[in-house]
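Notes for the structure review
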Amino acid sequence: MPADPYAFYAALLVCPSFADVTVPSVYTALPDDWVVVIGDVEGSTAAIERGKYKDVNLVGSSLLIATFNALGHSNLPFVFGGDGATLALPESELARARPAFLATRRMARDGFDLGLRIGVVPMRDIRAVGHDARVARVRLSEKFSLAAFWGGGLAWAEKTVKDPQAGARYRIEEYAAPTAETFVGLECRWRGVPSERGETLSLLIQAVAPNDAGRVRIYTEAVTKLREIFGDQGEGHPISENQLQIARKLLEYDGETKVHRSQSNALGRAWYRFHARFVGLLGDWLMRHKKKAFNADWGKYKKDTVTHSDYQKFDGVLRMILSGTEAQRVELVKWLEERYRAGELAYGLRIAKEALVTCLIFEREGGHLHFIDGAGGGYALAATELKNRLAALAVK
């Protein structure tokens, strides 16, 4: 039998706690014959200012589900970033993944009038310029583990892909029409989830230190401080079972419809929107009455949604969506500002009243993964703040 191209990642030990992301020894170098795929929505800040933050979020999620569907494999290292996504895969799998990249670019353009920049950067090129990318697996639930990354390789790849000249050799410029199967599993049927504590925070923290030892100290302190402020038993989780509500209006299914029917006429879109709403409301009834049907225990569905939510991640930047009080946020900002003024870290922070949930449904019985972002463009706008603070530190 041919060797499994994903065996490298599947063989990595799974870290039991998110706090382990601050320990460099848990990371393993990505193989030289792997590539890093960078996807980001062009002009995302301007699109968010026009009120298209949900559209931006959906396009970023769509790149991931399309790739998983094309490869028949969801056990890939990836990070969802709100206005885009980063993933790594074997170079030998690029031919199978490429149609997904082209179809997602076409869907973004035709469905949402958004440009999606995609670049593919070989690990060999990243190492040739003195950078590296190491990966670890972190336990999310019994069903899922998620990737964490260490090293400056991903940041260099993203910066290079965005550069008009240097990135030309890596960017994919073609388009291809998606098929009915391209985005199977992507759903957006939960309403915005209000914070139980009053505020939903989109937080990015990047250590500013010349070596691993300095970065370890800063990230360890950050994780410790966040637990001290928000609690270490999941109290800061941005969604809860009580707050999860299925969308009821047809208009609330418009984004999902544009993903799945970007090439359809008005009648085709109307039919999809109606059908998605029907299925959503049926699921709501099954959950409220705790029924077992369609190979799923619907009484557990909301609990599984909370458990399988990707609300904290690390890719050289600590990324979190947190539910908190105003007092907790004030305490956090005080600590962040002290460290920022000391030149130890830069941060971005956006405040909203609710979180957005985008779902990848592989199977209804526990096999569903949920991407979380702050409403109003949380991660994307926090990233702009982070970049501004990094630039300010650079000129000090």
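Described below are features of the structure shown in this document. (Residues numbered from 1 in each chain as written. Predicted model: local features only at pLDDT ≥ 70, side-chain atom pairs only at ≥ 80, totals over all residues. Heavy atoms only, no water.)

**Regarding the overall build of the protein**
- Each helix and strand counted, the protein has 12 helices and 20 strands in total.
- In terms of overall dimensions, the protein is globule-like: its C-alpha atoms have a radius of gyration of 20 Å, near the 21 Å expected for 396 residues.
- Taking the principal axes of the C-alpha coordinates as reference, the protein spans close to 55 × 50 × 45 Å.
- Out of the 396 residues in the protein, the part that is buried amounts to 55%.
- Pairs at least 24 apart in sequence give 78% of the contacts found in the protein among residues at least 6 apart. (Helix = DSSP H or I, 4+ residues; strand = E, 2+ residues; numbered from the N terminus. Rg over C-alpha atoms; globule rule 2.2 N^0.38 Å. Buried < 20%, exposed > 50% of the residue type's maximum accessible area, 1.4 Å probe, protein only. Contact = heavy atoms within 4.5 Å.)

**Some details on the pairing of strand 18 (residues 345–352)**
- Counting buried positions over the 8 residues of strand 18 gives 6, a clear majority of the element.
- Across 8 bridges, the pairing between strand 12 (residues 199–207) and strand 18 is antiparallel. Bridge pairing links isoleucine 205 to tyrosine 347 in strand 18. (Pairing = 2+ DSSP bridges.)

**Some details on the layout of surface pockets**
- Its volume calculated, the largest pocket comes out at about 1,200 Å³.
- Taken together, 45 residues line the largest pocket, and the ones lying closest to its centre are Ala155, Glu158, Gln206, Val317 and Arg319.
- Mapped onto the lining of the largest pocket, the elements with two or more residues apiece are strand 3 (34–41), helix 2 (44–49), strand 4 (78–80), strand 5 (84–90), helix 6 (153–162), strand 12, helix 7 (212–230) and helix 12 (378–394).
- For the lining of the largest pocket, the element with the highest residue contribution is helix 12, accounting for 7 residues.
- Taken together, the residues that form the lining of the largest pocket break down as 20 nonpolar, 13 polar and 12 charged.
- When its volume is computed, the second largest pocket comes out at roughly 670 Å³.
- Of all the secondary-structure elements, those providing two or more residues to the lining of the second largest pocket are strand 7 (134–139), strand 8 (145–150), helix 7, helix 10 (301–307), strand 15 (309–310), strand 16 (312–314) and strand 17 (318–324).
- Its residues assigned to classes, the lining of the second largest pocket comprises 16 nonpolar, 9 polar and 6 charged. (1 Å grid on protein atoms, 1.4 Å probe; cavity = no way out; pocket = protein on both sides within 12 Å on 5 of 7 lines; lining within 4 Å. Points joined across faces, edges and corners; volume = space filled by probe spheres on them. Nonpolar A, V, L, I, M, F, W, Y, C, P; charged D, E, K, R; others polar.)

**Things to note about the nonpolar core**
- Among the nonpolar cores identified, the biggest contains 60 residues, and Phe314 and Leu318 are the most heavily contacted of them.
- The leading source of residues in this core is helix 7, at 7 residues.
- Excluding its chain neighbours within four sequence positions, the residues that come into contact with phenylalanine 314 are Phe18, Val21, Tyr27, Ala147, Ala148, Phe149, Trp150 and Tyr219.
- Counting 45 residues, the second largest nonpolar core, distinct from the first, contains Val59, Leu71, Ala100 and Leu186. (Core = buried A, V, L, I, M, F, W, Y, C linked by side-chain atoms within 4.5 Å.)

**So, the sheet that holds strand 17**
- Across the sheet, 4 strands lie side by side as 16-17-12-18; this open sheet has antiparallel pairing. Of all the strands in the sheet, just strand 16 and strand 18 have a single pairing partner and so form its edges. Adjacent strand axes in the sheet meet at a mean angle of 20°, parallel and antiparallel pairs treated alike.
- Each of strand 12, strand 16, strand 17 and strand 18 touches helix 7; the most contacted strand, strand 17, lies at about 10° to it.
- In this fold helix 11 (residues 326–341) packs onto strand 12, strand 17 and strand 18, with an angle of close to 160° to the strand it touches most, strand 18. (Axes fitted to C-alpha atoms, helices over the stretch in contact; angles between N-to-C directions.)

**With respect to the sheet that holds strand 4**
- Taken in spatial order, the 5 strands make up an open sheet running 4-5-3-6-9, and their pairing is antiparallel. The strands lining the two open edges of the sheet, one partner per strand, are strand 4 and strand 9 (171–172).
- In this sheet, strand 6 (residues 116–122) lies alongside strand 3 in antiparallel orientation, the contact comprising 7 bridges. If you follow valine 41 over to strand 6, its bridge partner there is leucine 116.
- Of the strands in this sheet, strand 3, strand 4, strand 5 and strand 6 touch helix 3 (residues 53–71), which is tilted by about 15° from strand 5.
- Packed onto the sheet, helix 4 (residues 94–112) meets strand 3, strand 5, strand 6 and strand 9 and runs at close to 160° relative to strand 6.

**Some points on the pattern of salt bridges**
- Applying the stated rule across the entire model yields 32 salt bridges.
- In this structure, the salt-bridge partner of arginine 117 is glutamate 42, at a minimum N-O distance of 3.6 Å. Separated by 75 residues along the polypeptide, arginine 117 in strand 6 and glutamate 42 in the loop between strand 3 and helix 2 bring together distant segments of the chain.
- Since its relative accessible area comes to 16%, arginine 117 is described here as buried.
- The partner of lysine 258 in a salt bridge is aspartate 254, and the shortest N-O contact between them spans 3.5 Å. Here aspartate 254 and lysine 258 lie together in helix 8 (residues 254–260), a separation of 4 residues that amounts to about one turn.
- A single network of salt bridges, built from pairs that share partners, joins Arg217, Glu221, Arg339 and Glu344. (Salt bridge = Lys/Arg side-chain N within 4 Å of Asp/Glu carboxyl O.)

**Structural notes on empty space enclosed by the protein**
- A full pass over the atoms with the stated rule returns 1 cavity of 30 Å³ or more.
- Reported here for the largest cavity is a volume of approximately 40 Å³.
- Contributing to the lining of the largest cavity are Phe78, Val79, Phe80, Leu146, Ala147, Asp310 and Lys313.
- The set of elements that each furnish at least two residues to the lining of the largest cavity consists of strand 4 and strand 8.
- A class-by-class count of the residues in the lining of the largest cavity yields 5 nonpolar, no polar and 2 charged.

**Focus: a nonpolar patch on the surface**
- On the surface, Leu250, Trp271, Phe274, Phe278, Leu282, Trp285 and Phe294 cluster together into a nonpolar patch covering about 770 Å² of accessible area.
- Its location among the elements puts phenylalanine 278 in helix 9 (residues 266–288). (Patch = residues over 30% accessible without salt bridge, like charges linked within 9 Å, V, L, I, M, F, W, Y side chains within 5 Å. Areas by Shrake-Rupley, 256 points an atom, 1.4 Å probe, with all protein chains shown as cover.)

**Comments concerning the packing of helix 3 against helix 4**
- At a minimum axis separation of 8 Å, helix 3 and helix 4 run at an interaxial angle of 155°. Classified by the angle between their axes, helix 3 and helix 4 sit roughly antiparallel to one another. With respect to the hand of their crossing, helix 3 and helix 4 are arranged in right-handed fashion. Residues Asp55, Leu58, Val59, Ser62, Leu63, Ala66, Thr67, Ala70 and Leu71 of helix 3 touch helix 4, and the partners they reach there are Arg96, Ala97, Ala100, Phe101, Thr104, Met107, Ala108 and Phe112.
- Considered class by class, the residues forming the contact of helix 3 with helix 4 number 12 nonpolar, 3 polar and 2 charged. (Parallel < 35°, antiparallel > 145°, perpendicular 65-115°, else oblique. Left-handed = near helix turned anticlockwise from the far one by under 90°.)

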